[in-house]
Amino acid sequence: IPDGKIKSLNGLRFIMIMFIVLTHINYLEEFFPNYFLGRGAAFGVDYFFMLSGFGMMLSAIKKTFPENTRITPGTCINYAVSHIRKIYPLYLLTTFCLIPIYIYSSIKIGKSVATMMLHLFVKLAFCIPLLQGLVPCDQIQWAFNSVAWFLSCLFIIQIAAPVFIKLFKSIRKTSALVLLLVFCI
C-alpha cells in the first residue's frame, strides 16, 4: 500500500454510505411498498465496523505499541482519544446544537422543568465522554445526536484495542489466527 489507501475499500465505502443514506430516507417506503433499502442500514453499519477494526489493526501492526510498552488504563484512553480527536469537536457542536430541540420537545410533551433538567444532565453525562453506547437504554444511546451511537461504539472499541493489539503482537501468527477464529465464532 504505497500511499496508505486501499482503493477497493474506499469504493466499497461509498456504496455502503449510500446504503445507509438511502435507508434513512424512510418516506420512500410510503411511495414504493417494496423499497428494500429501507432495511439495509445494518449491512452498511456492519461494513464500517469491520473497516474501522481492519484499519485500526493495520495501523497498529505497523507502528503502535512496541513490545516493551506497558498497557495501562491511561494508555488505552490516550489511544482512543488520539483516534477520535478529529471528529470530536464536530460531535460536541452537533450535540449542543440539538439541546434546544430537546428542551422544546420536552416542554411540548409536558415534562416538568425538574424532570427535563435531570434527564438532560444524565444524557449529557454519558454523551459528552462518548460513553452512551455502554448504556442499554434507548433514551441514552439515542440522546441528542442519535447517529452518534456509532461514534460512541468505535470509541469504546478503541479503548479496548491496545489490550488486543498487544495480545495479538505477543503471540505467534498461527495462534493469533486460531484465537481470532474462536473469537469470531
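Just so we're clear, the structure is a prediction, and the values are computed from it rather than from any experiment.

**A few points about the packing of aromatic side chains**
Taken as a whole, this structure holds four aromatic pairs when the rule is applied. Residues Tyr47 and Phe48 carry aromatic rings whose centres are separated by 5.7 Å and whose planes lie at 80° to one another, so their mutual orientation is edge-to-face. Taken as a pair, Tyr47 and Phe48 share a single burial class, namely buried. Ring centres of Tyr88 and Tyr91 lie 5.8 Å apart, and the angle between their planes is 35°; this geometry places the pair in the tilted category. Remark: Tyr91 and Tyr88 occur in helix α5 (residues 88-108); sequence separation between them is three residues, near one turn of the helix. For Tyr88, a relative accessible area of 23% gives the class partly exposed. For Tyr91, a relative accessible area of 4% gives the class buried. Each member of the aromatic cluster is reached from another via a ring pair, and the members are Trp142, Trp149 and Phe150.

**Digging into the side chain of Thr75**
Summarising the element assignment, Thr75 is placed in helix α4 (residues 73-84). Residue classification places Thr75 among the buried residues on the basis of a relative accessible area of 19%. Here the side chain of Thr75 touches Thr72 through a polar contact of 2.9 Å, side chain to side chain.

**A few points about the nonpolar core**
Formed by 15 residues in total, the largest nonpolar core has its most connected members in Tyr91, Leu120, Leu130 and Phe144. Elements supplying a minimum of two residues to this core: α4, α5, α6 (113-127) and α8 (149-170). Looking at which element gives the most residues to this core, the answer is α6, with four residues. Discounting residues that sit within four places of it in the chain, Phe144 has contacts with Thr95, Leu98, Ile99, Tyr102, Leu120, Lys123, Leu124 and Cys127. Met16, Ile20, Phe48 and Leu51 belong to the second-largest nonpolar core, a separate cluster that totals six residues.

**Side note on the packing of α5 against α6**
A pair of packed helices is characterised by two quantities: the angle between their axes and the separation of those axes. Axis separation between α5 and α6 bottoms out at 11 Å; the angle between their running directions is 160°. Comparing the axis directions of α5 and α6 gives the class roughly antiparallel. Crossing angle aside, the handedness with which α5 passes α6 is right-handed. Here α5 contributes Tyr91, Thr95, Phe96, Ile99, Tyr102, Ile103, Ser106 and Ile107 to the contact with α6, which in turn contributes Met116, His119, Leu120, Lys123, Leu124 and Cys127. A class-by-class count of the residues in the contact of α5 with α6 yields ten nonpolar, three polar and one charged.

Rules of the game
Residues numbered from 1 in each chain as written. Predicted model: local features only at pLDDT ≥ 70, side-chain atom pairs only at ≥ 80, totals over all residues. Heavy atoms only, no water. Phe/Tyr/Trp six-rings, centres within 6.5 Å; stacked < 30°, edge-to-face > 60°. Buried < 20%, exposed > 50% of the residue type's maximum accessible area, 1.4 Å probe, protein only. Helix = DSSP H or I, 4+ residues; strand = E, 2+ residues; numbered from the N terminus. Polar contact = N/O pair within 3.5 Å; in protein donor to acceptor, adjacent residues only side chain to side chain. Core = buried A, V, L, I, M, F, W, Y, C linked by side-chain atoms within 4.5 Å. Contact = heavy atoms within 4.5 Å. Axes fitted to C-alpha atoms, helices over the stretch in contact; angles between N-to-C directions. Parallel < 35°, antiparallel > 145°, perpendicular 65-115°, else oblique. Left-handed = near helix turned anticlockwise from the far one by under 90°. Nonpolar A, V, L, I, M, F, W, Y, C, P; charged D, E, K, R; others polar.

By themselves, these observations are geometric and do not establish any function.
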